[in-house]
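In case you want the letters, here they are:
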Amino acid sequence: MKQIFLCAINNILSGTCQEDCKFCTQSVRYHANIERYNYKSIEQIVSEAKVAKANGALGYCLVTAGKGLDDKKVDFVARAAQAIKAEVEGLNLIACNGTANKDQLKHLQRHGIDSYNHNLETSERYYADICQTHPWSERYETCENVKSVGLALCSGGIFGMGETREDRDSLLDSIASLSPESTPLNFYHPNPALPIQTRNIDLDEAVAIIKKARKLLGEDKLLMVAGGRELLFDKKEALMFEAGANAMVIGNYLTTQGTEVSNDKKMLDTLGYRIATSCDTH
């Protein structure tokens, strides 16, 4: 029976980003109607990690808004990771804190972070159309830094932001060139406050992307359907697993509501999949 890996994300610093990414409600430039807050308490983060673990999550991702790591952020994420590892067994801890250098990544690694998530978002060609405040090359370099210090790399992107089919192929090729351990595939979720108003992807195209990603990345990697799956795959989740996905995000996303975890578990059970209980994909 095929096993599906579950991952939960925790937005530990929300809505305070100065960058201009046109797809992101956390940018202060677009005044999206989202919850904005400074650092959550470490106690709250640990208790939310316990809930994620109880819900069957193997991956737990600590996300901060903003372009990248600074001393304060590195210290906070490291302390949160250490606190989680002291109280919760069996979670693969993922940090997602933007651009990062090798020293910052090594510090996180020493304090319990297992994996670092940094998405390429879209093709190198299209990136300048959706973000002017930092270059795509900086994203790619962060991913290389992650690998060079020995952390597991999690890297993916967003589809349906107005890019062409060639852009999608280019993005998948770039992701594959990094050989990440896991790849989240997100599908654009429009928000009235954002400059990108519509989503240019349908269900068949999304299935084709999952199939192509699986072929490029190999059978032994985690391929995760993440943000936007509720918009495209509602009641059709079987299609994403048949196409090659073997992981998904449960619970809420950064600023959008996800599906009730109990409904996702019921769905997996109905489709005949079991929830993975260890990080071994073999």
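The structure we're discussing is the one just above.
Notes on the structure in this doc start here. (Residues numbered from 1 in each chain as written. Predicted model: local features only at pLDDT ≥ 70, side-chain atom pairs only at ≥ 80, totals over all residues. Heavy atoms only, no water.)

1. Some remarks on the packing of helix H2 (residues 71-87) against helix H3 (residues 102-110)
Argument step 1. Two elements in contact, H2 and H3, have axes separated by 8 Å at closest approach and are oriented at 20 degrees. Here H2 lies roughly parallel to H3, going by the angle between them. Seen along the crossing, H2 lies across H3 with a hand that is right-handed. Between H2 and H3, the contacting residues are Val74, Val77 and Ala78 on the first element and Gln104, His107 and Leu108 on the second.
Argument step 2. Partitioned by chemical class, the residues of the contact of H2 with H3 number 4 nonpolar, 2 polar and no charged. (Axes fitted to C-alpha atoms, helices over the stretch in contact; angles between N-to-C directions. Helix = DSSP H or I, 4+ residues; strand = E, 2+ residues; numbered from the N terminus. Parallel < 35°, antiparallel > 145°, perpendicular 65-115°, else oblique. Left-handed = near helix turned anticlockwise from the far one by under 90°. Contact = heavy atoms within 4.5 Å. Nonpolar A, V, L, I, M, F, W, Y, C, P; charged D, E, K, R; others polar.)

2. Notes on the pattern of salt bridges
Argument step 1. Applying the stated criterion across every chain, the model contains 13 salt bridges.
Argument step 2. The salt bridge involving lysine 67 is made with glutamate 138; its shortest N-O contact spans 2.8 Å. Of this pair, lysine 67 sits in the loop between strand E2 (59-64) and H2 while glutamate 138 sits in helix H5 (residues 136-149), placing them 71 residues apart in sequence.
Argument step 3. By relative accessible area, which is 34% here, lysine 67 ends up partly exposed.
Argument step 4. When salt bridges that share partners are traced, they join Glu163, Arg168 and Glu205 into one network. (Salt bridge = Lys/Arg side-chain N within 4 Å of Asp/Glu carboxyl O. Buried < 20%, exposed > 50% of the residue type's maximum accessible area, 1.4 Å probe, protein only.)

3. Notes on H3
Argument step 1. Of all the positions in H3, only Gln104, Leu105 and Leu108 are classed as buried. Looking straight down H3, one finds its buried side chains confined to an arc of 95 degrees; they lie on one side. Counted as exposed and oriented over 90 degrees from the buried face of H3: Asp103 and Arg110.
Argument step 2. For H3, the N-terminal capping position is held by asparagine 101, with its side-chain oxygen 3.1 Å away from the main-chain nitrogen of aspartate 103.
Argument step 3. At the C-terminal side of H3, glycine 112 shows a positive phi close to 115 degrees. (Arc of directions from axis to C-beta. Polar contact = N/O pair within 3.5 Å; in protein donor to acceptor, adjacent residues only side chain to side chain.)

4. Points about the environment of valine 249
Argument step 1. Checked against the element boundaries, valine 249 lands in strand E9 (residues 247-249).
Argument step 2. Beyond its immediate sequence surroundings of up to four residues, valine 249 is in contact with Cys7, Ile9, Met224, Val225, Ala226, Arg229 and Asp264.

5. Overview of the side chain of histidine 134
Argument step 1. Tracing the chain through its elements places histidine 134 in the loop between helix H4 (124-130) and H5.
Argument step 2. Side chain to side chain, histidine 134 and tyrosine 127 meet in a polar contact 2.7 Å long.
Argument step 3. Apart from the residues within four sequence positions on either side, histidine 134 is in contact with Glu19, Cys21, Lys67, Tyr127 and Arg139.

6. So, the pairing of strand E3 (residues 92-96)
Argument step 1. Most of E3 is tucked away, with 4 of its 5 residues classed as buried.
Argument step 2. With 5 bridges connecting them, E2 and E3 associate as parallel partners. The partner of cysteine 61 across the bridge, within E3, is isoleucine 94.
Argument step 3. Each parallel crossover has a hand, and for E2 linked through H2 to E3 it is right-handed.
Argument step 4. Handedness of the crossover joining E3 and strand E4 (residues 115-117) through H3: right-handed. (Pairing = 2+ DSSP bridges. Right-handed = clockwise from strand over helix to strand, strands pointing away.)

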